[in-house]
Amino acid sequence: MNKWKFDELVMATGNKGKLRELSALLEPLGITVLSPADCGVEGLAVEETGETFEQNAVIKALAYCRATGLPSVADDSGLCVDALSGAPGVYSARFGGEGLTDRQRTELLLEKMKDVPMEKRGAHFTSAVALALPDGDGFVVSGECYGMVALAPSGEGGFGYDCVFFYAPEGCTFADMSEQVKNRVSHRAVAMRLLVEQLERSAKDAEQ
């Protein structure tokens, strides 16, 4: 078995929504996604000191790979709002300070956007996904999805800012989408498809 062929990896997140999304995307490759809890490293403290999504994804992937000895995939993602000069960006999970819930962060975002007209509420989600292998190899890919900040929350699905991210091609927020649709169009889906393509390409190269 070459280094690009493995049947399990650890996902460097405790977010059940992300685990569920990414597990569904990797299932066609026959790769089992393990949570940190599955590997006995739940609560592993990783300081996200990067200035970009890509840097933070690599930092997390390396940390979990070293802690478990398994291939590790880490995602760092966030919402970039045009009217807020790209904020909250890499601070999406800490927007407004530590300890806030998703709902509180969403309410804060809407408060900051309350006087912004619809035509200026453009935003995009960015996801960087990094793979770290025990031998030190790996790579990072990224994907984006463009939409706008809705005037009010809508939908019960998803997590984070999904309930206020309106995606025009589907005519609804991410939180209103089925998981199947979101796993096809989201920023994370774009990045994960690139990850899958890179894994498949590298496996074929290694066999030649």
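In this text, all values refer to a predicted model and were calculated from it rather than measured experimentally. (Residues numbered from 1 in each chain as written. Predicted model: local features only at pLDDT ≥ 70, side-chain atom pairs only at ≥ 80, totals over all residues. Heavy atoms only, no water.)

Colleague: Outline unusual backbone geometry, listing residues and values.
Modeller: Residues alanine 87 and proline 88 are joined by a peptide bond in cis, for which omega reads 0°. Within the secondary structure layout, proline 88 lies in the loop between β3 (72–81) and α3 (102–112). (Helix = DSSP H or I, 4+ residues; strand = E, 2+ residues; numbered from the N terminus.)

Colleague: Please provide a residue-by-residue account of the pattern of salt bridges, values included.
Modeller: With the rule as written, the count across this model stands at nine salt bridges. The residue glutamate 48 makes a salt bridge to lysine 60 at a minimum N-O spacing of 3.7 Å. Here the residue glutamate 48 occupies a position in the loop between β2 (32–34) and α2 (53–68), and lysine 60 occupies one in helix α2, the gap between them amounting to 12 residues. Judged by its relative accessible area of 9%, lysine 60 is buried. (Salt bridge = Lys/Arg side-chain N within 4 Å of Asp/Glu carboxyl O. Buried < 20%, exposed > 50% of the residue type's maximum accessible area, 1.4 Å probe, protein only.)

Colleague: Give a description of the packing of aromatic side chains that names residues and reports values.
Modeller: The final tally for this structure, using the stated rule, is four aromatic pairs. These aromatic residues form a ring-pair network of at least three members: Phe125, Phe165, Tyr167 and Phe174. The ring centre of phenylalanine 159 lies 4.7 Å from the NZ or CZ of lysine 182, which sits over that ring. (Phe/Tyr/Trp six-rings, centres within 6.5 Å; stacked < 30°, edge-to-face > 60°. Lys NZ or Arg CZ within 6 Å of the ring centre and 35° of its normal.)

Colleague: Explain the nonpolar core residue by residue, including any values.
Modeller: In this structure, Leu79, Leu109 and Phe174 are the most contacted members of the largest nonpolar core, which totals 22 residues. Every element with two or more residues in this core is listed here: β3, α3, β4 (122–132), β5 (138–149), β6 (165–167) and α4 (179–185). Residues in contact with leucine 79, not counting those within four places in the same chain, are Gly86, Ala87, Pro88, Gly89, Ser92, Leu109, Ala123, His124, Phe125, Tyr161 and Phe165. (Core = buried A, V, L, I, M, F, W, Y, C linked by side-chain atoms within 4.5 Å. Contact = heavy atoms within 4.5 Å.)

Colleague: Could you give me a rundown of the side chain of serine 186, with the residues and numbers involved?
Modeller: With respect to the element layout, serine 186 can be found in the loop between α4 and α5 (187–207). Given a relative accessible area of 1%, serine 186 falls into the buried group. When near neighbours in sequence (up to four residues on either side) are disregarded, serine 186 contacts Cys145 and Phe174.

Colleague: So what's going on with the pairing of β5? Residues and values would help.
Modeller: Strand direction decides the pairing type here: β4 and β5, joined by 11 bridges, are antiparallel. Each residue of the ladder has a partner; that of histidine 124, found in β5, is tyrosine 146. Between β4 and β5, which pair antiparallel in sequence order, lie five residues; one of them, glycine 136, sits at a positive phi of approximately 95°. Looking at chain direction, β5 and β6 are connected through two bridges and run antiparallel. Pairing of valine 149 across the sheet is with phenylalanine 165, part of β6. (Pairing = 2+ DSSP bridges.)

Colleague: Hey, could you go over the side chain of arginine 188 for me, with residue numbers and the actual values?
Modeller: Note on placement: arginine 188 falls in helix α5. Beyond its immediate sequence surroundings of up to four residues, arginine 188 is in contact with Lys18, Glu21, Leu22, Leu25, Asp75, Ser77, Ser127 and Phe159.

Colleague: Which residues make up the state of the cysteines, and what values go with them?
Modeller: Considering all chains together, one arrives at zero disulfides under this definition. As a non-bridged cysteine, cysteine 163 has cysteine 172 as the owner of its nearest cysteine sulfur, 13 Å distant. This cysteine, cysteine 172, is not joined by any disulfide, and cysteine 145 carries the nearest cysteine sulfur, 11 Å off. For cysteine 172, a relative accessible area of 16% translates into the label buried. (Disulfide = S-S within 2.5 Å.)

Colleague: Explain α3 to me, and be specific about the residues and the numbers.
Modeller: Listing the buried residues of α3 in full gives Arg105, Thr106, Leu109 and Leu110. Projected onto a plane normal to the axis of α3, the buried residues spread over an arc of 135° and lie on a single side. Buried residues in α3 make contact with β3 and β5. (Arc of directions from axis to C-beta.)

Colleague: Explain the pairing of β3 residue by residue, including any values.
Modeller: The element β3 is largely enclosed, with a buried count of 10 among its 10 residues. Direction of pairing for strand β1 (residues 8–11) relative to β3: parallel, over a ladder of two bridges. Among the inter-strand pairings, valine 10 is bridged to a residue of β3, identified as serine 72. For β3 and β4, the ladder comprises 10 bridges, and the chain directions are antiparallel. By the bridge assignment for β4, glycine 78 is matched with threonine 126.

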